[in-house]
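One letter stands for each residue in the lines below.
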Amino acid sequence: MDQFKSYDVVIIGSGPAGSLCGIECRKKGLSVLCIEKDEFPRFHIGESLTGNAGQIIRDLGLADEMNAAGFPDKPGVNVIGSLSKNEFFIPILAPTWQVRRSDFDNMLKRRALEHGVEYQQGLVKDVIKHEEKVVGAIYKADGVEHQVRSKVLVDASGQNTFLSRKGIAGKREIEFFSQQIASFAHYKNVERDLPPFSTNTTILYSKQYHWSWIIPISPDTDSLGIVIPKDLYYKECKNPDDAIEWGMEHISPEIRRRFKNAERVGESQSMADFSYRIEPFVGDGWLCIGDAHRFLDPIFSYGVSFAMKEGIKAADAIKRAIDGNDWKTPFYEYRDWSNGGQQIAADLIRYFWIYPIFFGYQMQNPDLRDEVIRLLGGCCFDCEGWKAPTIFRNAIEEYDRKQMAG
């Protein structure tokens, strides 16, 4: 093992959360090393961006590059219920995009490099501790183990949840939306709606936790996802192809219609147990951002938006912790801010699944429509005093009380 180097911040993972945290830390004058196990560009799911994410991208000065990459504009989300009924439309209030994550994540990584983030391709194997404080990491690159020291170690490893697996963060606890399996693939020649609606996200659902997404990710390619309960998957399907075929037959005839002449590009994949939370996710010398500590149902595409927002917020907490030699106040404030916004999103999603028809009515309610649209656009961390979150929370608590009472 070689002589170690030292940085203010070492980030595990260079997805949207890690890149945004690195960029913001560099803006604050901190030295940053990002360690990434995969060679970029690489495939990743999560291809639809909220309006909040679009604003962050414009703030980074990447709008022209996004357009040059051929990423489609995202006018909104069309939600279609059972047998193509109960349809409602969610407009996007701030311009944003649908993306190929391989290209999009690589774009963010290049912008982080331009800001002075150092990169190392390698696999983080363990953490270094001094008493109870995390002070660095051990990683393997080119067959050699290295150690690096940090004032703050950031877990942006996504669903690998590295610090949880190492016993530094809390255990991964399965949440409400966990008993589902998502199967997905990319297709060419999908039949789309006419402009200007041809690049909308389309969500189709039949009943609770049986749903599909269709996301245009380039001028000629769409992402299709089929999400069904785990027990159904294991009963009816042997592989992701079977699950996609089952969804085309049973979730909505609209899927079969749109994909009747489509050709799949690449392999299909599946993802299980994708809904979880980890507590605690901050501590002395470390914190987690994005999927490294929580992931909800992907139905309203919060993942990338929340990852980037947490990366930015965490950088502020890191700077304050380093400058003030006090980690608890800034890290606990970041924790509480994150938990508050994530819970509002979780409540909104649960309300949709429990009362999908009423959710559509709320979209038309003049007293709530603007709030609901903004929440779906990613404003879950910035909604103090809004009516809609309280309505959703009260309805869910009443539902849970009735369920417990039998």
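Residues numbered from 1 in each chain as written. Predicted model: local features only at pLDDT ≥ 70, side-chain atom pairs only at ≥ 80, totals over all residues. Heavy atoms only, no water.

- Where an unreviewed UniProt entry is consulted, the chain appears under the name Bmp2, with the organism given as Pseudoalteromonas phenolica.

## Things to note about the domain arrangement of the chain
Moving on, step 1. Domains assigned within the chain are domain 1 (5-47 + 103-174 + 277-341) and domain 2 (73-97 + 177-272).
Moving on, step 2. Taking the mean C-alpha position of each, domain 1 and domain 2 sit 31 Å from one another.
Moving on, step 3. Facing the ten residues of domain 1 at the interface are 16 residues of domain 2.
Moving on, step 4. Summed over both partners, the interface of domain 1 with domain 2 buries about 1,200 Å², with 71% contributed by carbon and sulfur atoms.
Moving on, step 5. The three residues of domain 1 that bury the most area against domain 2 are Ile45, Glu47 and Asp297, which together make up 42% of that side's buried surface.
Moving on, step 6. On the surface where domain 1 and domain 2 come into contact, there are zero salt bridges.
Moving on, step 7. One can count two residue pairs in polar contact (both at pLDDT 80 or more) joining domain 1 with domain 2. (Domains from an automatic or database assignment. Contact = heavy atoms within 4.5 Å. Buried area = accessible area lost by both parts, 1.4 Å probe. Salt bridge = Lys/Arg side-chain N within 4 Å of Asp/Glu carboxyl O. Polar contact = N/O pair within 3.5 Å; in protein donor to acceptor, adjacent residues only side chain to side chain.)

## Topic: the pattern of salt bridges
Moving on, step 1. Under the defined criterion, the tally for this structure stands at 32 salt bridges.
Moving on, step 2. Across the salt bridge formed by Lys309 and Asp382, the nearest N and O atoms sit 3.5 Å from each other. Placement of the pair is Lys309 in helix α9 (residues 303-324) and Asp382 in the loop between α12 (369-376) and α13 (387-405), with a sequence separation of 73 residues.
Moving on, step 3. A residue is classified by how much of its surface remains accessible, and Lys309, at 15% relative accessible area, is buried.
Moving on, step 4. The partly exposed category is assigned to Asp382, whose relative accessible area is 46%.
Moving on, step 5. A single network of salt bridges, built from pairs that share partners, joins Glu191, Asp193, Glu254, Arg257 and Arg258. (Helix = DSSP H or I, 4+ residues; strand = E, 2+ residues; numbered from the N terminus. Buried < 20%, exposed > 50% of the residue type's maximum accessible area, 1.4 Å probe, protein only.)

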